Amino acid sequence: MFSKRGCSHCTFQNCPVRPYAKRKPNTKQADCIYDCLDLWLVKWAGLLGDGHQLHGISTFSFQTWLSQARQSKDYALPNSSWSQGMMDLYSRFLEMCKDGTWKRIPSYTWLYRSTQLNLKKSLKLTSEKERKETRLFPRNMDTEGVGFEYAMFLNPSEKRMVCLFQPGPYLEGHPGFAHGGSTATIIDSTIGGCAIFVAGRVMTANLSINYRNPIPLGSVVLVDSKVDQVEGRKVFLSCQVRSIDGQTLHAEATALFIRLDSTKSLQQQMSSQ
Ligand SMILES: CCCCCCCC(=O)SCCNC(=O)CCNC(=O)[C@H](O)C(C)(C)COP(=O)(O)OP(=O)(O)OC[C@H]1O[C@@H](n2cnc3c(N)ncnc32)[C@H](O)[C@@H]1OP(=O)(O)O
């Protein structure tokens, strides 16, 4: 994707602009760099194939591309902030995906894109514009490694979802340890993801957590959740948070999720309460 030579027009190193990209007549070098960055975002977001020319890209607003790029970026892929422990665990689960037992769950800045549920018609809580301006809470930081670094894997036959979680320095509670609220967030997200795959549109009605041992910032823990029972619209789940070696139990939780009324939009559901 990247031209090793850099852009012949703006000299931006590692510029993705291909040799075929033509600098528009009378374009200043700074403008050219801006075009190149726009194109880089387009490429990064996988929004255009190789045959597309630079020409015309600059007519799109940078903010629009940034928003689309964010929504299209899969945040559950390894990045340079992942520790060796995180990488090893990730590789272990990827290996288990090969026979189809486990599935890697991509993660975007919008929940329902992550869960691949087609809820476009029923989810009318936010307009398209509002949706672009909101972000899934655990994916609200762009800088890699400072907040929630996590990747989830689903075992559909066991109705089980695991989450590899590496809390960064912005999640600090007591010095050096993850804030209990961040632990609750990752538990809720993991259990919630599991409930969504089993029951569709759900919301957390109850989440009960026992904190057993603090989680050091930068360490890697495994959040392991499963569906225990489904009774009508109620989905009961449980979860344990353990160190990679399984020796330390950091937290355990139980939760109740309620499947939302499928005949109503989320907005109708909310306004009827
Ligand atoms: C991958 C990332 C995943 C991210 C997941 C994130 C999940 C979240 O954070 S969701 C946000 C936090 N949750 C909320 O804001 C939910 C707020 N609560 C609500 O909106 C509603 O109370 C809601 C939707 C849960 C239930 O409302 P409603 O659909 O009207 O159900 P309702 O008729 O009251 O109750 C249905 C049944 O559940 C039971 N129930 C409802 N709430 C509870 C509760 N807290 N405890 C025990 N039972 C309950 C009721 O007693 C009833 O039981 P039964 O059928 O036996 O009489």
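Residues numbered from 1 in each chain as written. Predicted model: local features only at pLDDT ≥ 70, side-chain atom pairs only at ≥ 80, totals over all residues. Heavy atoms only, no water.

As recorded by an unreviewed UniProt entry, the protein carries the name Acyl-coenzyme A thioesterase THEM4 and is attributed to Terrapene triunguis.

S.K.: Just checking my understanding: could you explain the overall build of the protein for this structure?
M.R.: For the protein, the helix and strand inventory stands at 7 helices and 7 strands. When the elements of the protein are put in sequence order from the N terminus, they spell out α-α-α-β-α-α-β-β-α-β-β-β-β-α. Within the span of the protein, comprising 273 residues, buried residues form 41% of the whole. Put simply, the protein shows about 14,700 Å² of open surface, and 53% of that area lies on carbon and sulfur atoms. (Helix = DSSP H or I, 4+ residues; strand = E, 2+ residues; numbered from the N terminus. Buried < 20%, exposed > 50% of the residue type's maximum accessible area, 1.4 Å probe, protein only. Areas by Shrake-Rupley, 256 points an atom, 1.4 Å probe, with all protein chains shown as cover.)

S.K.: Looking at this structure, I do not really get the UniProt feature "domain: Thioesterase" (unreviewed entry) in the protein. What am I missing?
M.R.: The UniProt record annotates "domain: Thioesterase" (unreviewed entry) at residues 176–248. Here residues 176–248 is 27% helix and 42% strand, with 17 Å between the C-alpha atoms at its ends. (UniProt positions renumbered as here; feature names shortened; annotations may be inferred.)

S.K.: Any chance you could explain the sheet that holds strand 3 (residues 160–167) here in plain terms?
M.R.: Whether parallel or antiparallel, the strands of a sheet pair through hydrogen bonds between backbone atoms. With antiparallel pairing, 7 strands are arranged side by side in an open sheet as 1-2-3-5-6-7-4. Of all the strands in the sheet, the pair left with one neighbour each is strand 1 (103–105) and strand 4 (202–211). Each adjacent strand pair in this sheet contributes to an overall mean axis angle of 20 degrees, direction not counted. Docked against the sheet, helix 3 (residues 84–97) engages strand 1, strand 2 (148–155), strand 3 and strand 5 (221–231), running at close to 20 degrees with respect to strand 2. Packed on one face of the sheet, helix 6 (residues 180–199) meets strand 1, strand 2, strand 3, strand 4, strand 5, strand 6 (234–243) and strand 7 (249–259) and runs near 135 degrees to strand 4. (Pairing = 2+ DSSP bridges. Axes fitted to C-alpha atoms, helices over the stretch in contact; angles between N-to-C directions. Contact = heavy atoms within 4.5 Å.)

S.K.: Please clarify how the site of the ligand should be interpreted in this entry.
M.R.: Around the ligand sit 14 residues in total, of which Asp-188, Thr-204, Ala-205, Arg-233 and Lys-234 are the nearest. The contact in question runs from an oxygen atom of the ligand to an N or O atom on the side chain of Arg-233, over 2.5 Å. Between the ligand and Lys-234, the relevant distance is 2.9 Å, taken from an oxygen atom to a side-chain nitrogen or oxygen of the residue. Isolated, the ligand exposes 1,200 Å² of accessible area, and the fraction of that covered by the protein chains is 53%. Of all the elements in the fold, those that place two or more residues in the shell around the ligand are helix 6, strand 4 and strand 7. Per-class residue counts for the shell around the ligand are 6 nonpolar, 5 polar and 3 charged. (Near = heavy atom within 4 Å. Polar contact = N/O pair within 3.5 Å; in protein donor to acceptor, adjacent residues only side chain to side chain. Nonpolar A, V, L, I, M, F, W, Y, C, P; charged D, E, K, R; others polar.)

S.K.: Sorry, what's going on with the pairing of strand 6 here?
M.R.: A regular strand places its side chains so that they alternate between the two faces of the sheet. Note that strand 5 and strand 6 share 10 bridges and pair antiparallel. Looking at strand 6, one finds that Leu-222 is bridged to Arg-242. Linking strand 5 to strand 6, which pair antiparallel, is a turn of 2 residues; within it Gly-232 sits at a positive phi near 60 degrees. One ladder, built from 9 bridges, connects strand 6 with strand 7; its direction is antiparallel. Bridged to Cys-239 within strand 7 is Ala-253. In this antiparallel pair of consecutive strands, strand 6 and strand 7, the connection spans 5 residues, and Gly-246 shows a positive phi of 80 degrees.

S.K.: Mind showing me how you'd approach the confidence of the model for the protein here?
M.R.: Keep in mind that low pLDDT regions are not for reading the predicted coordinates in detail. Chain-level pLDDT for the protein is 77 on average; 62% of the residues reach the 70-or-more range. Here residues 118–125 is modelled with pLDDT under 50, and outside its nearest four sequence neighbours on either side it reaches 13 contacts, counting other chains as well. Here the complex is predicted with pTM 0.77, and the ipTM for its interfaces comes to 0.97. (pLDDT = per-residue confidence, 0-100.)

S.K.: What should I look at first to understand the nonpolar core in this one?
M.R.: In a soluble, globular protein the nonpolar side chains are often hidden away together inside. In this structure, Phe-165, Ile-187, Val-223, Leu-237 and Phe-257 are the most contacted members of the largest nonpolar core, which totals 32 residues. Contributions of two or more residues to this core are made by strand 2, strand 3, helix 6, strand 4, strand 5, strand 6 and strand 7. The element that contributes the greatest number of residues to this core is helix 6, accounting for 8 residues. Once residues lying within four places of it in the same chain are set aside, the contact partners of Ile-187 are Gly-192, Leu-207, Ile-209, Val-223, Cys-239, Val-241, Ala-251 and Ala-253. Judged by nonpolar contacts, the second largest core, of 14 residues, contains Trp-82, Cys-97, Val-162 and Leu-164. (Core = buried A, V, L, I, M, F, W, Y, C linked by side-chain atoms within 4.5 Å.)

S.K.: For this particular structure, what's the right way to read helix 3?
M.R.: Each α-helix turn comprises 3.6 residues. Residues three or four places apart therefore point the same way. Over its 14 residues, helix 3 runs 20 Å from end to end, which matches the ideal 20 Å to within 8%, given 1.5 Å per residue. All buried positions along helix 3 are accounted for by Met-86, Leu-89, Tyr-90, Phe-93 and Cys-97. One face of helix 3 carries all of its buried residues, which in axial projection span an arc of 100 degrees. Contact partners of the buried residues in helix 3: strand 1, strand 2, strand 3 and strand 5. (Expected span 1.5 Å × (residues − 1). Arc of directions from axis to C-beta.)

S.K.: Please explain the pattern of salt bridges as it appears in this structure.
M.R.: Where charged atoms from two side chains of opposite charge come close, those side chains can pair. One pass over the structure, following the stated rule, counts 7 salt bridges. The salt bridge involving Arg-135 is made with Asp-142; its shortest N-O contact spans 3.1 Å. The exposure class assigned to Asp-142 is partly exposed, which follows from its relative accessible area of 38%. Here Glu-252 ties to Arg-212 by a salt bridge, and the two come within 2.8 Å at their closest N and O atoms. (Salt bridge = Lys/Arg side-chain N within 4 Å of Asp/Glu carboxyl O.)

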